[in-house]
Amino acid sequence: MTATPATSRSRLWVFNPGHEEALSIPPEKRYTLSKEIRWMRYELSSLLHLLASGDDLIYVPTSPDGVPAHLLRATGEVLPSDCILPPSLSVILWGQDAHIVRELRECTLFTRTTLLLPPLTPDYLRLSHRCASYDLLEHLIRQLGYPQDLLPHWVKAGADRTETEQQLRTAITAVASRSFGSAEQLMVKRPYTSSGRGVFPLPLPIQPKHLEALVGSCMRCGSISIESHLDVVDNWAIEYTRNAQGEVFFFALSHFATHPSGRAYLGNYLSSPQELWQKLSSYVGENTLQQLIEVQRRWLKKELVASEYIGYIGIDLLFYRDGEQLCLHPCVEINLRTTMGVVAHFAYERYIPTGRKGIFRLERGNDESHSRQRIPLLTITDSTHFSAYIELAE
């Protein structure tokens, strides 16, 4: 299975995590990535060998400590610096943003190669904002009857700090009064963020220092959302693909783990597509799952009609406990990009023997543990900042 629709032209795969935050920075301004994100880009780019094939290349940016940018073959091997590149390359970005486009255009690796870059359209920007998740969730509530109180309160920055503070107080009071969710804290999310970044708990009752910080964050970002802090039990995603004709297709299910404090990604549970379908269906019922996928798919097709976007789309779900009842949240966020769930899908196809299961793990640090049940996906050294591997189930 190829990772994107087949093309006769060689592709250049680019891993640019954190691109959502970059979308909030005007293209004419220089955007400085955090050191952690720069290390992620440098060390984890080689994971794209799971998606690349044939004559594809993988871009590895300059490291934070000055190792020059270079290219990898689809196999993950370093491409010699004297290799002649194809006259043109179709660029496949992890996520679209103007700043990575500028970086690629300025990179001396491509001075003799034409990079065919995807367009960054207003519709892509609109659906990359967390407000799009609100719109889809509202649609699912109307169409399928999910609880109205799942909707976040979006607070737009006021004319000044006083107006913004009043709006935040109103939203906090409204969300805190809901019949479910934690009575001790709420969840706050910035607009252009995902995968646990820009997501943080807000302790209750609200303290002056927390309110002051929240007002500042809202005025800097233009808006923030206030949501119930749910008792999360399990995390899933539905992965889709969109082709050049504008059709949206179901691609795969993703079952993943997050850090309880902020929902930062930890790894994926690896099973066959049939087993993942059976497990999720056992929670919600097969008809309910099929109906949810169809309503999401149709909404995505309609909303992306003018976007020119081609690639993956992930919609995160979660199960939460409300008293003794296990409930489904059908749209936590929309990821208009490649996701680790997609990477995990291809990791399963390549490395997991038939009939076996495993876990795809992404961790900070240089875990050099050796086991016959562990398959490393990256080269690990004493100075490594991230490790990725598959752990086969017994």
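Conventions and cut-offs
- Think of each chain on its own: its residues are numbered from 1, step by step along the sequence as written.
- Given that this is a predicted model, residues contribute local features only at a pLDDT of at least 70 and side-chain atom pairs are listed and counted only at 80 or more, while totals for whole chains, interfaces and linings are drawn from all residues.
- The basis for every side-chain value is the complete set of non-hydrogen atoms in the structure, without hydrogens or water.
- In the sections that follow, a salt bridge refers to a side-chain nitrogen of Lys or Arg positioned within 4 Å of a carboxyl oxygen of Asp or Glu.
- Secondary structure elements follow DSSP: runs of H or I no shorter than four residues count as helices, runs of E no shorter than two count as strands, and numbering proceeds from the N terminus.
- In this scheme, a residue with accessible area under 20% of its type's maximum is buried, one over 50% is exposed, and one in between is partly exposed, where area comes from a 1.4 Å probe on protein chains only.
- Here is the rule: rings of Phe, Tyr and Trp (six-membered ring for Trp) pair when centre to centre is within 6.5 Å. Planes less than 30 degrees apart are stacked, more than 60 are edge-to-face, and the remainder are tilted.
- Whether a charge lies above a ring is judged from NZ of Lys or CZ of Arg, which has to be within 6 Å of the ring centre and within 35 degrees of the ring normal.
- What a helix should span is 1.5 Å times the count of its residues minus one.
- In this context, the arc is that of the directions from the helix axis out to the C-beta atoms.
- The contact criterion used throughout is that any non-hydrogen atoms of two residues lie within 4.5 Å.
- The rule for pairing is simple: two strands pair if DSSP sees at least two bridges between them.

With respect to the pattern of salt bridges
- Scanning the entire structure with this criterion turns up 18 salt bridges.
- Across the pair Arg298 and Glu294 runs a salt bridge whose closest N-O atoms are separated by 2.7 Å. Taken together, the residues Arg298 and Glu294, both in helix α9 (residues 286-303) and four residues apart, mark about one turn of the helix.
- Note on Arg298: relative accessible area 54%, which makes it exposed.

Here's the deal with the packing of aromatic side chains
- Within the structure shown, the criterion is met by ten aromatic pairs.
- On the numbers, 4.8 Å between centres and 85° between planes, the contact of Phe15 with Trp94 is edge-to-face. One end of the pair, Phe15, is in the loop between β1 (11-14) and α1 (19-23); the other, Trp94, is in the loop between β4 (88-93) and α3 (98-106), and 79 residues separate them in sequence. With respect to class, Phe15 is no different from Trp94; both count as buried.
- Members of the aromatic cluster, each reached through a chain of ring pairs, are Phe251, Tyr312 and Phe346.
- Here the guanidinium or amino end of Arg374 rests over the ring plane of Tyr389, the centre of that ring lying 3.8 Å away.

Observations concerning helix α8 (residues 273-284)
- With twelve residues, α8 extends 17 Å from end C-alpha to end C-alpha; this agrees with the ideal 16 Å at 1.5 Å per step.
- Every buried residue of α8 is listed here: Leu276, Leu280, Ser281 and Val284. Looking straight down α8, one finds that the buried residues subtend no more than 125° of arc, so they occupy a single side. Away from its buried face by more than 90 degrees, α8 exposes Gln274, Gln278 and Ser282.
- Taken together, the buried residues of α8 touch β10 (232-242), β11 (248-258), β12 (265-270), α9, β13 (311-322) and β14 (325-335).
- Of the residues trailing α8, Gly285 is marked for its positive phi of about 95°.

Things to note about the pairing of β10
- The element β10 is extensively covered by neighbouring structure, given that eight of its eleven residues are classed as buried.
- Relative to β13, β10 is paired through ten bridges, and the arrangement is antiparallel. Within β13, the residue paired with Ile238 across the bridge is Ile315.
- Sheet topology note: the β10/β11 ladder contains eight bridges and is antiparallel. In the strand pairing of β11, Tyr240 is matched with Phe250.
- From the end of β10 to the start of β11, which pair antiparallel, there are five residues, and Gly246 there has a positive phi angle of about 85°.

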